[in-house]
Amino acid sequence: MSVKKEPKSKKFTNKMKKKLLVIFLLAGIVLLGLSYALIRLNLSKGKSYSKAVYNNYGYDSRAIAARRGDITDRNGTILAYSTRVYNLIIDSKVMLSSDGKYRQSTVDALAEYFPDLDMDKLNEFLDENAQKENKNAYKKFLEELTEDEISEFKTTMSESDNIKGVWFEEEYKRTYPFKSLAADLIGFASNGGSGEIGIEQSYNSYLSGTDGRIYGYINDSSYKSQVISAENGNTIVSTIDYSIQNIIENSIKSFNDEYGSLSTTVVVMNPKNGEVLGMADYPTFDLNNPRDVSSMYTDEELDAMEEDKRVEAYFSLWKNNAVSKIYEPGSVFKTFTVSELIEENLIKLTDVVKCDGYGVYDSTKILCNGGEGHGDVTPTWALCRSCNDALMQYGEMLGKDTFNRYLHIYKFGQKTDIDIPSEEAGLLISESGMMDVDLATNSFGQNLSVNMIQMMAAFSSVINGGKYYKPHVVKEIRDSQGELVETINPVLVTETVSEETSAVMRSMLRAVVDYGTAGYVYMDGYSIGGK
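Nothing here was measured: the structure is a model prediction, and the numbers come from that model. Throughout this document, residue positions are counted from 1 along each chain, in the order its sequence is written. Where totals are concerned, whole chains, interfaces and linings use all residues; where local detail is concerned, this predicted model gives features only for residues with pLDDT of at least 70, and gives and counts side-chain atom pairs only at 80 or more. Neither water nor hydrogens contribute to the side-chain values; these are computed over all heavy atoms in the structure.

**Remarks on the packing of aromatic side chains**
Consideration 1: Any two rings among Phe, Tyr and Trp, with Trp reduced to its six-membered ring, count as a pair given centres within 6.5 Å; such a pair is stacked if its planes are under 30 degrees apart, edge-to-face if over 60, and tilted if neither. Taken as a whole, this structure holds 20 aromatic pairs when the rule is applied.
Consideration 2: Where Phe-125 meets Phe-141, the ring centres are 5.6 Å apart and the plane angle is 65 degrees; that geometry is what we call edge-to-face. Highlighted residues: Phe-125 in helix 5 (residues 119-130) and Phe-141 in strand 4 (residues 138-145), separated in sequence by 16 residues.
Consideration 3: Between the aromatic rings of Phe-336 and Phe-412, the centroid separation amounts to 5.2 Å while the plane-to-plane angle is 80 degrees, which identifies the pairing as edge-to-face. With Phe-336 in helix 14 (residues 334-343) and Phe-412 in the loop between helix 16 (388-409) and helix 17 (436-443), this residue pair connects regions lying 76 residues apart in the sequence. As far as the burial class goes, Phe-336 and Phe-412 line up, both buried.
Consideration 4: Taken together, the ring pairs in this structure connect Phe-333, Phe-336, Tyr-406, Tyr-410, Phe-412 and Phe-459 into an aromatic cluster.
Consideration 5: Whether a charge lies above a ring is judged from NZ of Lys or CZ of Arg, which has to be within 6 Å of the ring centre and within 35 degrees of the ring normal. Above the face of the Tyr-314 ring, Arg-291 is positioned so that its terminal group lies 6.0 Å from the ring centre.
Consideration 6: Between Lys-365 and the ring centre of Tyr-358, over which it is positioned, the NZ or CZ distance is 4.4 Å. The numbering of helices and of strands both runs from the N terminus, where a helix is a DSSP run of H or I of at least 4 residues and a strand a run of E of at least 2. Buried residues are those whose accessible area, probed at 1.4 Å on protein chains only, stays under 20% of the maximum for their type, while exposed residues exceed 50% and partly exposed ones sit between those limits.

Spelled out as structure tokens, the structure:
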């Protein structure tokens, strides 16, 4: 029997396969061992190794400030704007890197270009950080530098390989070019960028924009960063007319220079749509330096003032009396009582009541203005002579229920929701608690309180055909490129009286100027009504 022998070449192939298999098995065992060791090492000391790596590549994250939007008058005159300024920042980690070889050249350059920089403090800061193992300290040394003030240094730094560890943080400085103009209405922005009082506060979300960010890892030789750009704030176009506002403020100043007052407030409104064309207070303040209360207090008084009293002084100065102060409207309120009589057909223009100089209600004697009787008076003459006795009789004709109903129709005792903060609602006697004497005094504007913007909105409705518009101080919102974002349209809230009643009231109020107590505002060539 013959046996077939296996070829030598095949024997050799089988041996090689076995050897390769052994090698692969050994390599796999080694790799598994290494993997196991790395896993254990990562679990036990991974954080410390990562920390060591990132100590060499420090993470840097800085905000990119958004530019706060402008505030303008209705015609585009800029009332508030923000300009870019720079803060000088020293990065000790970079300046002291490479065994401190950049320090002296950088310090010398800073001393040359920034004479206001305190070099002693700078060197003290660098000395302290030179002793630290992990030098990663930043410090702001100069603030609100202009582009002109930093441009030469930046050029020198870009051309030199030995000036390191200096950068300029961008931010924006708020500026009010007309200083105190419309101060309470515009408001101001704090150092943090948020609005305080006025339009700056109520439209802060539109004005502020959204900050961007620059971030990444930095070492001695490179800085690879990612940038999220800032979105600048919108421009607020107010309803204010600069020319009207300027006339108001100059007139207030002249009045106070000649006569003086504890406070003076003037509002100009378009009666056809509720737009405020001008709003001013006295005393006022510089929006660029809002915490300067020297116009109200002497230096000695300020030095002696405790912090809480100083804060009270700030808010007293910043208070917008047109919306935040309530007062007894007095004889101006007679306009509403007469309009109610006409609207309810309770009186004709030819009807007369007798003024004997006083009225008695709930055993209280209430004198007419001047203390003397006006005799027989018509509704028009009652307004012209501002006759309290006639108005008290008109209140009786209306009765408590009708009188109170019109208080609500005219929105007294309610906020107008004007688009600036801190409005007061005013004070009315409750309907259930109203006595005859209250009705009598309310009819000529006493024993109740309103704010000025309430009075403006209600009075406008009396003369504009009976349309009560929500008062507002902003006309448009535009983006940073000037494109229209939103139009603030007039809001018709309610109707107070009829067109016919309104026409009669316009005629009567003109007579008050032509023949009555408001004659001092009469001007040839103009048709003016008032109370």
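**Some points on a negative patch on the surface**
Consideration 1: Like-charged residues within 9 Å of one another, or nonpolar side chains (Val, Leu, Ile, Met, Phe, Trp, Tyr) within 5 Å, are grouped into patches, provided each residue has over 30% relative accessible area and no salt bridge. Methods summary: accessible areas were calculated by the Shrake-Rupley approach with a probe of 1.4 Å, and residue burial reflects only the protein chains presented. Just to be clear on terms, a salt bridge is a Lys or Arg side-chain nitrogen sitting within 4 Å of an Asp or Glu carboxyl oxygen. Charge assignment: positive for Lys and Arg, negative for Asp and Glu; neither His nor the chain ends contribute. To locate a charge, the coordinates of NZ of Lys, CZ of Arg, CG of Asp or CD of Glu are taken. A cluster of acidic residues, Asp-116, Glu-147, Asp-148 and Glu-149, forms a negative patch at the surface.
Consideration 2: A residue is classified by how much of its surface remains accessible, and Asp-148, at 66% relative accessible area, is exposed.

**Description of helix 12 (residues 307-318)**
Residues separated by three or four positions in an α-helix point in the same direction, a consequence of the helix having 3.6 residues per turn.
Consideration 1: Under the convention used throughout, the expected extent of a helix is 1.5 Å for every residue step, that is, one less than its residue count. Relative to the 16 Å expected for 12 residues at 1.5 Å per residue, helix 12 spans 17 Å between its end C-alpha atoms, a close match to the ideal helical length.
Consideration 2: Within the span of helix 12, buried status applies to Ala-313, Tyr-314, Leu-317 and Trp-318. All buried residues of helix 12 project into a common sector of 125 degrees when viewed along the axis, lining one side.
Consideration 3: The contact criterion used is simple: two residues touch if any of their non-hydrogen atoms lie within 4.5 Å. In the core, the buried residues of helix 12 are packed alongside helix 7 (183-186) and strand 6 (188-189). Think of the arc as the fan of directions from the helix axis to the C-beta atoms.

**Considerations on the side chain of Thr-335**
Consideration 1: As for its placement among the helices and strands, Thr-335 is situated in helix 14.
Consideration 2: Overall, the relative accessible area of 0% leaves Thr-335 in the buried class.
Consideration 3: Two N or O atoms form a polar contact when they lie within 3.5 Å of each other; inside protein one atom must be a possible hydrogen donor and the other a possible acceptor, and for residues adjacent in sequence the pair counts only when both atoms belong to side chains. From its side chain, Thr-335 meets the backbone oxygen of Val-332 in a polar contact 3.1 Å long.
Consideration 4: Beyond its immediate sequence surroundings of up to four residues, Thr-335 is in contact with Leu-383, Phe-459, Val-462, Met-505, Leu-509 and Lys-531.

**With respect to the confidence of the model for the chain**
Consideration 1: On average, residues of the chain score 89 in pLDDT, and 86% of them reach the 70 mark or higher.
Consideration 2: Scored between 0 and 100, pLDDT is the confidence that the predictor attaches to each residue. Taken together, the stretch residues 45-57 has pLDDT below 50 and engages in 10 contacts with residues farther than four places along the chain or on a different chain.

**A look at the side chain of Thr-235**
Consideration 1: Tracing the chain through its elements places Thr-235 in strand 10 (residues 235-238).
Consideration 2: Thr-235 gets classed as buried once you look at its relative accessible area, which sits at 15%.
Consideration 3: Apart from the residues within four sequence positions on either side, Thr-235 is in contact with Asp-70, Thr-72, Glu-476, Ile-477, Arg-478 and Asp-479.

**Here's the deal with empty space enclosed by the protein**
Consideration 1: A pocket here means an open set of points on a 1 Å grid, computed over the protein atoms alone, that has protein on both sides within 12 Å along at least five of seven lines. A cavity is instead a set of points where a 1.4 Å probe fits but cannot get out; residues with an atom within 4 Å of a point line either one. Grid points are joined across faces, edges and corners, and a volume is the space filled by probe spheres set on the points. Here the structure, examined in full by the defined rule, presents 1 cavity of 30 Å³ or more.
Consideration 2: One number sums up the size of the largest cavity: a volume of about 40 Å³.
Consideration 3: Lining the largest cavity are Ser-180, Ala-182, Ala-183, Asp-184, Leu-185, Gln-245, Glu-249, Met-279, Ala-280, Asp-281 and Thr-284.
Consideration 4: Listing elements by their share of the lining of the largest cavity, those giving two or more residues are helix 7, helix 10 (242-258) and strand 12 (276-282).
Consideration 5: Gly is placed with the polar residues, together with every amino acid not listed as nonpolar (Ala, Val, Leu, Ile, Met, Phe, Trp, Tyr, Cys and Pro) or charged (Asp, Glu, Lys and Arg). A per-class count over the lining of the largest cavity returns 5 nonpolar, 3 polar and 3 charged.

**So, the packing of helix 4 (residues 103-113) against helix 5**
Consideration 1: Under this scheme, a helix contributes an axis fitted over its contacting stretch, all axes are lines through C-alpha atoms, and angles between N-to-C directions fall in the 0 to 180 degree range. Relative orientation of the contacting elements helix 4 and helix 5 amounts to 160 degrees, with a least axis distance of 11 Å. With respect to their mutual orientation, helix 4 and helix 5 come out roughly antiparallel. Taken as a pair, helix 4 and helix 5 cross one another with a handedness that is right-handed. In this structure, helix 4 contributes Arg-103, Val-107, Leu-110 and Ala-111 to the contact, and helix 5 contributes Met-119, Leu-122, Asn-123, Leu-126 and Asp-127.
Consideration 2: Taken together, the residues that form the contact of helix 4 with helix 5 break down as 6 nonpolar, 1 polar and 2 charged. For this classification, under 35 degrees means roughly parallel, over 145 means roughly antiparallel, 65 to 115 means roughly perpendicular, and everything else is oblique. A crossing counts as left-handed when the near helix is turned anticlockwise from the far one by less than a right angle, and as right-handed when that turn is clockwise.

**Details of the pattern of salt bridges**
Consideration 1: In the structure shown here, the tally under the stated rule is 16 salt bridges.
Consideration 2: For the salt bridge of Arg-174 with Glu-200, the shortest nitrogen-to-oxygen distance reads 2.9 Å. Of this pair, Arg-174 sits in strand 5 (residues 166-175) while Glu-200 sits in helix 8 (residues 198-202), placing them 26 residues apart in sequence. For the pair Arg-174 and Glu-200, a shared accessibility class is recorded, and that class is buried.
Consideration 3: In this structure, the salt-bridge partner of Arg-478 is Glu-476, at a minimum N-O distance of 3.1 Å.
Consideration 4: With relative accessibility at 18%, the residue Glu-476 sits in the buried group.
Consideration 5: A single salt-bridge network, built from bridges that share partners, covers Arg-68, Arg-174 and Glu-200.

**A closer look at the pairing of strand 3 (residues 78-91)**
Consideration 1: The buried count for strand 3 comes to 10 of 14 residues, which makes it a mostly enclosed element.
Consideration 2: Strands are labelled as partners when DSSP assigns at least two bridges between them. Where strand 2 (residues 71-72) meets strand 3, 2 bridges bridge the pair, whose relative direction is antiparallel. Bridged to Ile-71 within strand 3 is Ala-80.
Consideration 3: Count of turn residues in the strand 2/strand 3 antiparallel hairpin: 5 residues, of which Gly-76 carries a positive phi of about 100 degrees.
Consideration 4: Alignment of strand 3 against strand 5, held across 10 bridges, turns out to be antiparallel. Looking at the pairing, Ile-89 lines up with Trp-167 of strand 5.

**Re the nonpolar core**
Consideration 1: Nonpolar cores were defined as sets of buried Ala, Val, Leu, Ile, Met, Phe, Trp, Tyr and Cys residues, with membership established by side-chain atoms within 4.5 Å. Ranked by internal contacts, the top residues of the largest apolar core, which has 47 residues, are Phe-333, Phe-336, Val-338, Tyr-394, Tyr-410 and Phe-412.
Consideration 2: By residue number, the principal contributor to this core is helix 16, which donates 8 residues.
Consideration 3: Leu-185, Met-279, Leu-302 and Ala-322 belong to the second-largest nonpolar core, a separate cluster that totals 41 residues.

**Focus: the environment of Thr-337**
Consideration 1: You can see Thr-337 is positioned in helix 14.
Consideration 2: Thr-337 gets classed as buried once you look at its relative accessible area, which sits at 0%.
Consideration 3: Non-local contacts of Thr-337, meaning those with residues more than four positions away in its chain, are made with Leu-391, Tyr-394, Leu-398, Phe-403 and Ser-443.

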